[in-house]
Protein chains: 2
Amino acid sequence: MSDKVAAVEGDTVSGLLAEIEDIGRDPQRGGYSRPVHSSAEHELREWFIAHAEKRGLEVEVDRNGAIWAWHAPDGSHDDAIVTGSHLDSVPGGGAFDGPLGVASALVAFDVLRRRGALGRRPLAIVVFPEEEGSRFGVACLGSRLMTGAIDPDRARALTDADGNTFAEIVARGGLDPAHLGPDPEALARMAVFVELHVEQGRGLIDLDRPVAVASSILGHGRWRVTIAGEGNHAGTTLMCDRRDPMVAAGRLVSRIRDLARGHSAARATVGRLVPTPGGTNVIASRVDLWVDVRHPDDTVTTVLVEQVRQAAILLAAEEGCDAVLVEESFSPTVDFDAGLRDVLVATLSDAPVLGTGAGHDAGVLKDSVPTAMLFVRNPSGVSHSPSEHVEVDDAEAGAVALADALSACGRPGRGC
Amino acid sequence: MSDKVAAVEGDTVSGLLAEIEDIGRDPQRGGYSRPVHSSAEHELREWFIAHAEKRGLEVEVDRNGAIWAWHAPDGSHDDAIVTGSHLDSVPGGGAFDGPLGVASALVAFDVLRRRGALGRRPLAIVVFPEEEGSRFGVACLGSRLMTGAIDPDRARALTDADGNTFAEIVARGGLDPAHLGPDPEALARMAVFVELHVEQGRGLIDLDRPVAVASSILGHGRWRVTIAGEGNHAGTTLMCDRRDPMVAAGRLVSRIRDLARGHSAARATVGRLVPTPGGTNVIASRVDLWVDVRHPDDTVTTVLVEQVRQAAILLAAEEGCDAVLVEESFSPTVDFDAGLRDVLVATLSDAPVLGTGAGHDAGVLKDSVPTAMLFVRNPSGVSHSPSEHVEVDDAEAGAVALADALSACGRPGRGC
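The model shown is predicted, which means the values in this text are computed figures rather than measured ones.

**Some points on the overall build of chain A**
When you go through chain A residue by residue, the secondary structure sums to 13 helices and 15 strands. Whereas a compact globule of 416 residues would reach a radius of gyration of roughly 22 Å, chain A reaches 22 Å, a difference of no more than 12%. Taking the principal axes of the C-alpha coordinates as reference, chain A spans close to 75 × 45 × 35 Å. Partitioning the intrachain contacts of chain A with sequence separation of at least 6 by distance along the chain shows that 76% fall at a separation of at least 24. Here chain A displays about 14,200 Å² of accessible surface, and carbon together with sulfur accounts for 49% of that area. Here chain A carries 39 positive and 61 negative side-chain charges, and the mean point of each set is 2 Å from the other.

Here's what the structure looks like:
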C-alpha cells in the first residue's frame, strides 16, 4: 500500500479518499460494498495502518478488531483524546460514510502537529469494525462488544449470508474469537471520543453551513421477521392450494409503512427481504425480512414493533403461514454528553446543533465515555447510496473543525 | 467418479440416484442446488458420462452443451429413438426433478439390452443443460438454443446473479460460445423424444397409479418487473420523503395473486425478489421481481400479464417510483404428439393420461420432433422442494415403462 500513501505534509481529506476510491467498488449495485473482513475492508485497514505508521503513530488491534493509532509521547495511553470512525460500508454505499471520519482524523492530526498543538496528552485514532452491521446483522458490533452491549457468545454465533459465523470470520482475519468481548481497559483510557461523519440528511443543506455538532441519535433497532409457508412448484400448484409466504411478506411490507405513518416522527423500513429457495418457478417455502424501526421516544418504538409483530402473525395466518419476529438489535435514543457538546459549540462558533436518525459507534460508547459527533454537509441529502457526497471544501473544513474540537477537548478545564 | 459407478447389470434407478445423493446438497435451503455449470452439475455430468461409457455408449457433447450417449451399432445416428432429461436443479430442489429421467433412461437401456430388444436402430440418452433456468433465467435454455427458440446473441448475454454472462460460463465449461445456437443436424436425427419425469402434482396420487402418459404442458412464461425508486438512509429519511420501491413491490406481489385468482386455472407466482442494495438500514433504490404466469389458454396468459404490467406501473407511481415489465421467456401451451401418445397409452395399458403445469425440454422440442412424456408418482405432491419424493417401486416401474415405451416407438408401423 505504501505507494498509495502520499506525502504526509500535504495530505487533504479529499486526497486521502481519492487513494481508496477504487477499493470495494460494487459494479452491480453501484457505489461501494465493503463488508467487514472482506478483502476490500482489509485493504482499507492496511491503507489506514500505512498512513498511521507514516505519521509515527503506534498501531494496535484490540481484542474486538478495532484498530488504534496512538500519539503517546510519554508512553501512557491514559486520559486519551480519541477520534475515528469506520471503514466498512452498507452494500452499494457511498464513499464517505465511515472513511470521511477516518481520513478527517488523519488530517486533523496533521493540522494539530503543524500548529504545534499535539502536546503530551495521548491522542488516538480508532477504526471500529462492522459499524453498519451489513454482514452480521448487528450494527456497531465492534463498539457493542467493547462496551459489553452484546454478549460475546451471541456475537460469535452471528452468521453472514453465506452461513459463516462471526467467530470463523474473525479467526480468518487473525483474531482469536475466544477473546471477543468487553474491554474495560480500552474504554477506561478514553477521556473523550469525538466522531466526525458525513451528514445523512438535509439539515446542513437547509442551514447552508458546512459542519454541525450532534445533539442526539434517534433510538433504533432491527427486527427479523420469518414467515414460513409451503414451498412448491409454481406451475403445478393451484392458487387455492398455496401457503405462499411471499404474499404475506408483500402485504406486510406495505402494512409496516402504514403503521409507521401512524406515529409522528417514526421511521420503519424493509430494505432486505430474502425468499427461500428464491427460484422464479418455485413458490417460496420461507421469507425472511428485516424491519428497521426508529423513533425519538423508545416507548413508541416498542409499540410500533409490537404492531408489526401482530400484523405479521395475522397476515401470515391469512395465507396459511406462520410468522415470528425476533429482535436482532436495539439502541435507545442517545443524547450526546451535554458538557462536551457545549465545548464543541463554543469552539465551532458557526456550527449548528443537529440530531440524526442514524446510529453510530459514538452512540454506543456514550454510556461509557463522554462522546460527541460532528457532521459534514452532504449536498445530495442522500445516504447509504452511491449518491452520498461531500464537496472538497466542506471535507477540509470538517477536518479543521475536528482539529479545533480535539484541541478544545485537550485544554484543561474544558470538561474533557 | 468411476468408483461410484456400480456394476451395470444390477443398476436400479434408486441405486443410481443413491450414488449422487451427496452432490450439490444445499445446507441453507435444504435439498439440492445444482445450477448449470456449477461444480455440482459438472460432477453429475461426469457421473452420467461414466455410466454411459460403462455401457459402451458413445458420448458426445453438442454445440449447446447437451450430452448425448449413443447406442449406434451401425455407426448411423439417423432416425434415432431418444430419451433423457436434465441434471440441473432449482435452488433447494428435490433429488428427482431431472435426475430421475436420466437414471431411468440408463436403466431402461439395461432392460432393453437384457431383453435383447435393442436392435440395430440408434438409441440415445440426452442430458439437456439449464432446464430449470435457475441460473440464467430462461428455462429449457439448451433445447431452446438447439431449436432456435432463443436467439444465440440473447443467450450469450444472459447473466447470472453474480453478473457472469452465459457466454463466459460456457467458455469456462469448455464450450465455444460462438458455436451456441440452432443445431438442425442434432434435431434431424431424432425420430422421437420420450422424457420421463417425476410428477409435479397430485394426479397419480389421486388415481393410485405409478406412471402416467402426458397429454399437454400448460403455457407458461417468466416476466421480470423492475421498480426503481430512490435509495436512501432508513433512519434519516422521513416516511413522507420516500420513494420506496419495496412498498410498491410488496403491494404488487399481493395484487398479482389477486389478479391470478380472477382467471380460472391461472397460476401466477413471485418466488424471486431482489431489493438493491439489500441492506437492512437502507431504503432500496430498486427492486427486481420475477413473475411466473401459466394458463392453458395463451390469450388468458397475455391478458393476465398485461394486468400485472398495469398494476406494476400504477402501484409504483403511487410510491413515486417507475416500473417496467419485460418478458424473459414464454412457451405456449403444448399438446404432445397425439400419435405418439396413443402408442404409449396402448403400450402402458394401465397408465392414465395427465396434463402438467410444468415446462420441460420435451415441450420445447415438440415443434421439431414428435415428443412424449411419462410421469412417475410423487407421493408428496410437492415439487421444486426438498419434499419431492419417489418411492423405490415406482421408480423401477417407471424405468420399465420407459423401456416399454422406447421399444414400442422402435417397432415398425407404430408411428415413430
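Moving on, there is more to tell.
**Some words on the interface of chain A and chain B**
Counting residues at the interface gives 62 residues for chain A and 62 residues for chain B. Buried surface at the junction of chain A and chain B, both sides included, amounts to about 5,100 Å², of which 55% is carbon and sulfur. Counting the surface chain A buries against chain B, the share from its top three residues, A:Met239, A:Arg267 and A:Thr280, is 14%. Inspection of the chain A/chain B interface yields two salt bridges. Put simply, B:Glu319 and A:Arg257 hold a salt bridge, and the shortest N to O gap is 2.6 Å. Linking chain A with chain B are 23 residue pairs in polar contact (both at pLDDT 80 or more). Looking at the side of chain A that touches chain B, the elements that each hand over two or more residues are strand 8 (232–233), helix 9 (245–261), strand 9 (267–276), strand 10 (282–283) and strand 11 (286–295) of chain A.

**Focus: helix 2 (residues 39–54) of chain B**
Residue and element names in this part refer to chain B. Spanning 16 residues, helix 2 covers 23 Å between terminal C-alpha atoms, matching the ideal 22 Å at 1.5 Å per step. Of the positions making up helix 2, those classed as buried are Ala40, Glu41, Leu44, Arg45, Trp47, Phe48, Ala50, His51 and Ala52. Against the buried residues of helix 2 lie helix 1 (13–19), strand 1 (58–61), strand 2 (67–71), helix 3 (99–115) and strand 4 (123–128). Trailing helix 2 by a residue or two, Gly56 shows a phi angle of about 75 degrees, which is positive.

**Structural notes on the pairing of strand 5 (residues 190–198) of chain A**
Residues and elements named next belong to chain A. Here strand 5 lies mainly inside the structure; nine of its nine residues are buried. Bridge count for strand 3 (residues 80–86) against strand 5 is four bridges, and the pairing is parallel. What sits directly across from Val82, in strand 5, is Phe193. Relative to strand 15 (residues 371–376), strand 5 runs parallel, the two sharing six bridges. Bridge pairing in strand 15 links Phe193 to Thr371.

**What about the environment of B:Val343?**
Looking at where B:Val343 falls in the secondary structure, it is placed in helix 11 (residues 338–347). Take B:Val343: its relative accessible area is 8%, and that puts it in the buried class.

**Side note on the sheet that holds strand 9 (residues 267–276) of chain B**
All names here are of chain B. In spatial order, the strands read 9-11-7-12; together these four strands make up an open sheet with antiparallel pairing. Here the strands that pair on one side only, and so sit at the sheet edges, are strand 9 and strand 12 (322–331). Direction aside, neighbouring strands of the sheet carry axes that sit 15 degrees apart on average. This element, helix 10 (residues 298–318), spans strand 7 (219–228), strand 11 (286–295) and strand 12 of the sheet and lies at about 160 degrees to strand 12.

**Side note on the domain arrangement of chain A**
All names here are of chain A. Domain parsing of chain A yields domain 1 (2–218 + 333–409) and domain 2 (220–331). For domain 1 and domain 2, the distance between their C-alpha centres works out to 33 Å. In this assembly, 13 residues from domain 1 lie in contact with 13 residues from domain 2. For the pair domain 1 and domain 2, the number of links is zero salt bridges. If you look at where domain 1 meets domain 2, you find ten residue pairs in polar contact (both at pLDDT 80 or more). Split by residue class, the side of domain 1 that touches domain 2 holds five nonpolar, five polar and three charged.

**Considering the pattern of salt bridges**
Residue and element names in this part refer to chain A. For the coordinates displayed, the defined rule picks out 45 salt bridges over all chains. As a salt-bridge pair, Arg135 and Asp160 come within 2.9 Å of each other at their nearest N and O atoms. Taken together, the residues Arg135 in the loop between strand 4 (123–128) and helix 4 (141–147) and Asp160 in the loop between helix 5 (152–157) and helix 6 (166–172) connect sequence positions 25 residues apart. A relative accessible area of 18% places Arg135 in the buried class.

**Details of the relation of the copies chain A and chain B**
Superposition record for chain A on chain B: RMSD 0.1 Å, screw rotation 180 degrees, translation along axis 0.0 Å. Between the two chains, the operation in question is that of a two-fold axis. Proximity to the rotation axis, assessed at the C-alpha, singles out A:Gly250 in chain A; its C-alpha lies 1.8 Å from the axis.

**Looking at the packing of aromatic side chains**
The tally for this structure, following the rule as stated, stands at eight aromatic pairs over all chains. A ring pair is formed by A:Trp68 and A:Trp70, whose centres lie 5.7 Å apart and whose planes are at 10 degrees; its orientation type is stacked. Assigned by exposure class, A:Trp68 and A:Trp70 land together as buried. A centroid spacing of 5.0 Å and a plane angle of 70 degrees characterise the contact between B:Phe136 and B:Phe166, whose relative ring orientation is edge-to-face. One end of the pair, B:Phe136, is in the loop between strand 4 and helix 4 (141–147); the other, B:Phe166, is in helix 6 (residues 166–172), and 30 residues separate them in sequence. When sorted by exposure, B:Phe136 lands in the same class as B:Phe166, which is buried.

**With respect to the environment of A:Leu374**
With respect to the helices, strands and loops of the structure, A:Leu374 is situated in strand 15. Every residue in contact with A:Leu374, bar those within four places of it in the chain, is listed here: A:Glu195, A:Leu196, A:His197, A:Val211, A:Ala212, A:Val213, A:Leu344, A:Leu348, A:Ala401, A:Leu402 and A:Ala405.

**Regarding the environment of B:Ala228**
Residue and element names in this part refer to chain B. Summarising the element assignment, Ala228 is placed in strand 7. In sequence terms Ala228 and Val102 are 126 residues apart; their C-alpha atoms lie 43 Å from each other. What Ala228 contacts, discounting residues up to four positions off in sequence, is Pro245, Ser285, Arg286, Cys321 and Asp322.

Basis of the calculations
Residues numbered from 1 in each chain as written. Chains lettered and ligands numbered in written order. Predicted model: local features only at pLDDT ≥ 70, side-chain atom pairs only at ≥ 80, totals over all residues. Heavy atoms only, no water. Helix = DSSP H or I, 4+ residues; strand = E, 2+ residues; numbered from the N terminus. Rg over C-alpha atoms; globule rule 2.2 N^0.38 Å. Contact = heavy atoms within 4.5 Å. Areas by Shrake-Rupley, 256 points an atom, 1.4 Å probe, with all protein chains shown as cover. Lys, Arg positive; Asp, Glu negative; His and termini not counted. Charge placed at Lys NZ, Arg CZ, Asp CG, Glu CD. Buried area = accessible area lost by both parts, 1.4 Å probe. Salt bridge = Lys/Arg side-chain N within 4 Å of Asp/Glu carboxyl O. Polar contact = N/O pair within 3.5 Å; in protein donor to acceptor, adjacent residues only side chain to side chain. Expected span 1.5 Å × (residues − 1). Buried < 20%, exposed > 50% of the residue type's maximum accessible area, 1.4 Å probe, protein only. Pairing = 2+ DSSP bridges. Axes fitted to C-alpha atoms, helices over the stretch in contact; angles between N-to-C directions. Domains from an automatic or database assignment. Nonpolar A, V, L, I, M, F, W, Y, C, P; charged D, E, K, R; others polar. Least-squares fit on C-alpha atoms with pLDDT ≥ 70 in both. Phe/Tyr/Trp six-rings, centres within 6.5 Å; stacked < 30°, edge-to-face > 60°.

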